[in-house]
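Structure at a glance
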Amino acid sequence: MNDAITRDTIVPDTTPRPDPRPDPRPDPIGNFLEQDYSAGFVTDIETDTVPKGLSEDVVRMISARKGEPPFLLEWRLAAYRNWLTMSSPQWAQVSFPEIDYQDIVYYSAPKSKKDGPQSLDDVDPELLRTFEKLGVPLHERARLAGVAVDAVFDSVSVGTTFKKELGEHGIIFCSFSEAVKDHPELIKKYLGTVVPPGDNYYAALNSAVFSDGSFVFIPKGVKCPMELSTYFRINARDTGQFERTLIIAEEGASVSYLEGCTAPMRDENQLHAAVVELIALDDAKIKYSTVQNWYPGDKDGKGGIYNFVTKRGDCRGARSHISWTQVETGSAITWKYPSVILRGDDSVGDFHSVALSNHRQQADTGTKMIHMGRNTRSTILSKGISAGRGSNTFRGLVRVGPKAEGARNYTQCDSLLIGDRCAAHTFPTVEVRNPSARVEHEATTSRIGEDQLFYAMQRGISAEDAVSMIVNGFCREVFKELPMEFAVEAQKLLGVSLEGSIG
Amino acid sequence: MLEINNLQASVEGKSILKGLDLKVGNGEVHAIMGPNGSGKSTLAQVLAGRDTFQVEGGSVSWDGQDLLAMPAEERARAGLFLAFQYPVEIPGVSNAYFLKAAVNAVRRHRQLPEFDAFDFLARVKAEMKAVGMSEEFLYRSVNEGFSGGEKKRNEMLQMSLLEPKLAILDETDSGLDIDALKIVAEGVNRLRSPERSLIVITHYQRLLDYIVPDQVHVLSKGRIVRSGGRELALELEEHGYGWIGDTGEVPRAPAGAAS
């Protein structure tokens, strides 16, 4: 059956294209956008890696390495068999050479003694230094920052902080593998209930080979006392990262969860196909924030991460609330639609997004709001920034089912163009099957103009600061939604200095 | 002291300024008048350093510095201010943030301590009162949704905050009603001082009823064709621009008088 899968290697499209408008003048916007990728270093570390390629044996091997119970192996195999019958989606506004799934390593883990680190003290110091270098606090600084962190390096979690403190509240925050070992009943009950294994091509692939990820369980009535955070790092060459995140907030519980991602600069493309499932029961609230800074490839489009991710939240209970906030600055290609199923009556879904595509980056991102319950509300706020030869697409679906009496949606979709060689596209879809629903959509497209830059410079503001200021101003409504620490990181990522305390 | 010698400039290959000479001493107010297309705005943009305009020849010296060699933001920091004919909107950036960034950029350059939020707010609120702007404008995006008059007041506010040594007002009076015109003129008059030079570019002489210039220059086809005192503005008002020839002399029988 494997013969059906193409064997072409992943080769970035580096064909030089004619430059339509060579411009010898100094280009402040250009200089601003040429800033280097600072997380692009490689960590030299011993790894335990399965051979390249995908087959039932590889799936079994991954499951065996993780010591999984039989039900999970069966689940993976079913997903794998399903995947073999599927084909990759073609509808997105992105183009890339066909991926050779036999040329990818599906499991790579830092070599460790016995069954893996028992505590952070057992973790290879080189790994800790890697996260330190990335500004992810796994040790003392974590305590000051008051953020609990789970760090995932290639395929496995290397450590989770604050476990004990969280445990006192009955909160489970651990790597996915640990959750499989320690709480198989929760995994069995919830895994795949929001994103079924056959949901789409990449979700099926993930379900077959996922290696690790984070697991969060907030019991009934508990408000999580600190931000939970997972930091993903791809390091190994030719490796795909397939993590799985599952967050459950029981009745009346609430949690704010952050995720960050980086990868070394490599010439070949690397695949990242994650699945995130959120489940909110009655009156529960989950806020999920992402700052995605995977390596985007160089300015000619060589290398970079293919970020093909399925994220979905299920407002299963009445009055539940799920909120997605994302700042997508990295990846060669982003294919990602964090969605909310508004099943419970009076439930609320939000999507706030900043997506930047520079050089040859391609982003096709957006959301789906599926209104099923009565008086469900959703808000979509999307800010797309296209620069260089980047292409940025917003794709949104608002669906109001026949029983969603009084459902409301507000969508605002803004595009900012920097330079004249980039592209912005908007594909909003609205399907309403209940006459009492109210759906609003607003969209704008603007451009950072030479006139704006000159105006700021004539007031003494440097060109770089002026671009920062304008981009920052454009993104402000979304940055406001990020937790403080991430808002700072997000602004830095966009090369933006923090706005003053006024205004 | 600003000294412009034989300045030639073009935009998109089209020659606009064709050998312009002008001297503006410290503390002086000069008005530049002329018909549409004579090069008034081009002069303002070239002095401010906009790089869509190409300088083809000539020199500009400003307090002994070669103005044309300085990038736009350095000119601004050194005290050159241009009040825009069409102030630019910057969505999402609050006026307060923009003003504070500008004031502090200039203060850094002058080796003065930067304003913190408290000092800045106190200062900006006082200046806003003087130009008749409500504080609400601090928290709105720069010029976004401002009326024509509000935009011009915002320019005056920036001018007074930045305390320029040389201010160029590019048709600041266009689109203003008479009350707004008076407020703008008051703002300008408050700034008059022995150290500060002003260039007021205008199509109509009515602004000069309120801002009394030391000298008036007539610009035609990219050159100053005539200079004189305040009475020259009145003469232009009476006869219009139709009579301006290459010499700038007023004909004995004014052409405009017949019609």
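Residues numbered from 1 in each chain as written. Chains lettered and ligands numbered in written order. Predicted model: local features only at pLDDT ≥ 70, side-chain atom pairs only at ≥ 80, totals over all residues. Heavy atoms only, no water.

**Quick notes on the overall build of chain B**
We count it as follows: Every helix listed is a DSSP run of H or I at least four residues long, and every strand listed is a run of E at least two residues long, numbered separately from the N terminus. Atoms counted for the radius of gyration: C-alpha only. Globule rule: 2.2 Å times the number of residues to the power 0.38. The classification of residues rests on relative accessible area computed with a 1.4 Å probe and restricted to protein chains. Under 20% of the type maximum is buried, over 50% is exposed, and intermediate values are partly exposed. Contact criterion: two residues are considered in contact whenever any of their non-hydrogen atoms come within 4.5 Å of each other. His is not counted, nor are the chain ends; Lys and Arg add positive charge and Asp and Glu add negative charge. Positions of charges follow a simple convention, taking NZ of Lys, CZ of Arg, CG of Asp or CD of Glu.
When helices and strands are counted, chain B shows eight helices and twelve strands. On C-alpha atoms alone, chain B measures out to a radius of gyration of 19 Å, which is about the 18 Å that the 2.2 N^0.38 rule sets for 259 residues. Dimensions along the principal axes, computed over C-alpha positions, put chain B at roughly 60 × 40 × 35 Å. The burial tally for chain B puts 55% of its 259 residues in the buried class. Contacts spanning at least 24 positions in sequence make up 67% of the contacts within chain B whose residues lie at least 6 apart. When the 29 positive and 36 negative side-chain charges of chain B are each reduced to one mean point, those points stand 1 Å apart.

**Overview of the interface of chain A and chain B**
This is how it is decided: Summed over both partners, buried area is the accessible surface (1.4 Å probe) that two parts give up on being assembled. Salt bridges are defined as contacts in which a side-chain nitrogen from Lys or Arg sits within 4 Å of a carboxyl oxygen from Asp or Glu. Two N or O atoms count as a polar contact when they lie within 3.5 Å, although within protein this holds only if one can serve as hydrogen donor and the other as acceptor, and sequence-adjacent residues are included solely when both atoms are side-chain atoms. Classification convention: Asp, Glu, Lys, Arg as charged; Ala, Val, Leu, Ile, Met, Phe, Trp, Tyr, Cys, Pro as nonpolar; all other residues, Gly among them, as polar.
Contacts between the two partners involve 26 residues from chain A, matched on the other side by 39 residues from chain B. When chain A packs against chain B, the two sides together hide about 2,700 Å² of surface, and 63% of this comes from carbon and sulfur. Scanning the region where chain A abuts chain B turns up two salt bridges. Across the chain A-chain B interface, the total number found is twelve residue pairs in polar contact (both at pLDDT 80 or more). Where the side of chain A that touches chain B is concerned, the elements lending two or more residues are α10 (450-458) and α11 (463-479) of chain A. At eight residues, α10 of chain A tops the list of elements feeding residues into the side of chain A that touches chain B. Classifying every residue of the side of chain A that touches chain B gives eleven nonpolar, nine polar and six charged.

**Side note on the confidence of the model for chain A**
All names here are of chain A. Stated formally: Per-residue confidence from the predictor is reported as pLDDT, a score between 0 and 100.
Across chain A, the average pLDDT comes to 80, with 74% of residues at or above 70. Across residues 1-25, where pLDDT falls below 50, the model places 45 contacts with residues more than four positions away in sequence or in other chains. Taken as a whole, residues 140-145 scores under 50 in pLDDT and shows eight contacts with residues more than four places along the chain or in a different chain.

**Considerations on the state of the cysteines**
All names here are of chain A. The line we're drawing: When two cysteine sulfur atoms are found within 2.5 Å, that pair is recorded as a disulfide.
Within the structure shown, the criterion is met by zero disulfides over all chains. The thiol of C422 is unpaired, and the distance to the nearest cysteine sulfur, on C475, comes to 14 Å. What makes C422 buried here is its relative accessible area of 16%.

**Brief notes about the pairing of strand β12 (residues 223-228) of chain B**
All names here are of chain B. Rule in force here: Note on pairing: DSSP must find at least two bridges between two strands before they are called paired.
Relative to β12, strand β11 (residues 215-220) runs antiparallel, the two being bridged by five bridges. Bridging across to β12, L219 finds its partner in I224. Taken together, β11 and the strand that follows it, β12, pair antiparallel across an intervening segment of two residues, in which K221 is found at a positive phi of about 50°.

**Brief notes about the confidence of the model for chain B**
Note that predicted coordinates carrying low pLDDT should not be read in detail. All names here are of chain B. Chain-level statistics for chain B give a pLDDT mean of 89 and a share of 93% at 70 or above. Below pLDDT 50 for its whole length, residues 251-259 participates in two contacts with residues either more than four positions away or in separate chains. As scored by the predictor, the complex reaches a pTM of 0.76 and an ipTM of 0.93.

**A look at the sheet that holds strand β2 (residues 14-24) of chain B**
All names here are of chain B. Test applied: In this analysis an axis means a line fitted to C-alpha atoms, helices contributing only their contacting stretch, and an angle means the value between N-to-C directions, from 0 to 180 degrees.
Read across the open sheet, the four strands follow the order β2-β1-β4-β5; overall the sheet is antiparallel. Each of the sheet's edge strands pairs with one partner strand only, and the pair in question is β2 and β5 (65-66). When strand β4 (residues 53-62) meets β5, the two strands line up antiparallel, connected through two bridges. Across the sheet, S61 pairs through a bridge with D66, a residue of β5. With respect to the sheet, helix α1 (residues 40-48) is in contact with β1 (2-11), β2 and β4, its orientation differing from that of β1 by roughly 110°.

**Things to note about the packing of aromatic side chains**
To keep it simple, the criterion reads: Aromatic pairs are defined between Phe, Tyr and Trp rings, using the six-membered ring for Trp, whenever the two ring centres lie within 6.5 Å; interplanar angles under 30 degrees are classed as stacked, those over 60 as edge-to-face, and all others as tilted. When the NZ atom of lysine or the CZ atom of arginine is within 6 Å of a ring's centre and also within 35 degrees of its normal, the charge is said to sit over that ring.
Per the stated rule, a full pass over the model turns up 23 aromatic pairs over all chains. Ring centres of F308 of chain A and W335 of chain A lie 6.4 Å apart, and the angle between their planes is 75°; this geometry places the pair in the edge-to-face category. Of this pair, F308 of chain A sits in strand β13 (residues 304-315) while W335 of chain A is found in strand β15 (residues 333-336), placing the two residues 27 residues apart along the sequence. Of the residues examined, F308 of chain A reaches a relative accessible area of 1% and is grouped as buried. Arranged with centres 4.9 Å apart and planes meeting at 75°, the rings of F137 of chain B and F146 of chain B form a pair that is edge-to-face. The structure contains a cluster of three or more aromatic residues connected by ring pairs, namely Y80, W83, W91, F96, Y101, Y201, Y202, Y306, F308, W335 and Y337 of chain A. Across from the ring centre of F71 of chain A, 5.1 Å away, lies the NZ or CZ of K188 of chain A, which sits over that ring.

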